[in-house]
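Chain by chain, the residues run as shown.
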Amino acid sequence: MNADNQVTFSAEKEVDLDAAKMWTVFGDWKSLPEFKEVPSDLVTFEGDGIGSTVTIVKQYGDLLIEELTALDDKAMTLKYKMNEFGDFPILSYECTMEVSDSQGGGCVVSWSGSAAYHNSKAAKGEEASDGKDSFAELVSGFYGTWIANAAEMAKAS
């Protein structure tokens, strides 16, 4: 995949919570679908720790399979990749979730990722707008919403 097809996503928010408290939710691999607002009956986990996977059954039976690739509780960093993409227009996907202390108190929560964008209509020779920028904006928006959801869960715990 060439660099022209690479797309990046990111969101960062300051949260009025202690970083360690925020990490109890944001760093919990098995709570990820909950703050992504995925109904629990659509989620299956396999394994524990690095290499464990979560399978999410999307509308129309499409599968998303995400795999935990790194988890560092001391550094408050979690990384995962997607192995099955469902109907997303991507060929690869990796992301990093981090929590750090904020200088003004509270914490900074960030979620960043990258993917190889694949426009299936263009690949078939059909007329299609690229859509890469729109897709990046959409995913970055999801990240921001998911951070806010995780913060609310952490505040309630």
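Anything mentioned here points back to the structure above.
(A) Region of the structure containing the overall build of the protein. Tallying secondary structure elements over the protein gives four helices and seven strands in all. Moving toward the C terminus, one meets the helices and strands of the protein in the order β-α-α-β-β-β-β-β-β-α-α. The 157 residues of the protein split such that 41% are buried. In the protein, the share of contacts with a sequence separation of at least 24, taken over all contacts with a separation of at least 6, comes to 53%. In the structure as shown, the protein presents an accessible area of about 8700 Å², 47% of it carried by carbon and sulfur atoms.

(B) Broad picture of the sheet that holds strand 4 (residues 63-72). Across the sheet, which stays open at both edges, the seven strands sit in the order 1-7-6-5-4-3-2 with antiparallel pairing between neighbours. For this open sheet the edge positions go to strand 1 (6-15) and strand 2 (43-46), each flanked by a neighbour on one side alone. The sheet shows a mean angle of 20° between the axes of neighbouring strands, direction not considered. Pairing between strand 6 (residues 90-101) and strand 7 (residues 107-117): 11 bridges, direction antiparallel. Each residue of the ladder has a partner; that of Asp101, found in strand 7, is Cys107.

(C) Main features of the packing of helix 1 (residues 19-26) against helix 4 (residues 132-156). Relative orientation of the contacting elements helix 1 and helix 4 amounts to 110°, with a least axis distance of 8 Å. Accordingly, the angle class assigned to the pair helix 1 and helix 4 is roughly perpendicular. Regarding helix 1 and helix 4, the two cross each other, and that crossing is right-handed. Residues Lys21, Met22, Val25 and Phe26 of helix 1 pack against Ile147, Ala150, Ala151, Met153 and Ala154 of helix 4.

(D) Fine view of the environment of Ile90. Among the secondary structure elements, Ile90 is positioned in strand 6. A relative accessible area of 6% places Ile90 in the buried class. Placed 28 residues apart in sequence, Ile90 and His118 show a C-alpha to C-alpha distance of 4.9 Å. When sequence neighbours within four positions are dropped, the list of residues in contact with Ile90 reads Met82, Phe85, Ala115, Ala116, Tyr117, His118 and Phe135.

(E) Expanded view of unusual backbone geometry. Not every positive phi belongs to a glycine, and Glu37 is a case in point at roughly 60°. Here Glu37 shows up in the loop between helix 2 (32-35) and strand 2. According to the relative accessible area criterion, Glu37 is exposed, its value standing at 58%. In this structure, Met76 is a non-glycine residue whose phi angle is positive, near 55°.

Scoring rules and cut-offs
The residue numbering used here restarts from 1 in each chain and proceeds along that chain's sequence as written. Whole-chain, interface and lining totals are the exception, using all residues; otherwise, since this is a predicted model, local features are given only for residues with pLDDT of at least 70 and side-chain atom pairs are given and counted only at 80 or more. Hydrogens and water are ignored here; the side-chain numbers use all heavy atoms of the structure. Numbering of helices and strands starts at the N terminus; helices are DSSP runs of H or I of at least 4 residues and strands are runs of E of at least 2. For each residue, the accessible area found with a 1.4 Å probe, counting protein chains only, is set against the maximum for its type, and the residue is called buried under 20%, exposed over 50%, and partly exposed in between. By definition in these notes, contact holds between two residues if any of their heavy atoms fall within 4.5 Å. Methods summary: accessible areas were calculated by the Shrake-Rupley approach with a probe of 1.4 Å, and residue burial reflects only the protein chains presented. Only when DSSP finds a minimum of two bridges between them are two strands counted as paired. Axis definition: a line fitted to C-alpha atoms, limited for helices to the stretch in contact. Angles are taken between N-to-C directions and run from 0 to 180 degrees. Here the word oblique covers every angle except those under 35 degrees (roughly parallel), over 145 (roughly antiparallel) and from 65 to 115 (roughly perpendicular). By the definition used in this description, the sense in which the near helix is turned from the far one sets the handedness, with an anticlockwise turn below a right angle giving left-handed and a clockwise turn giving right-handed.

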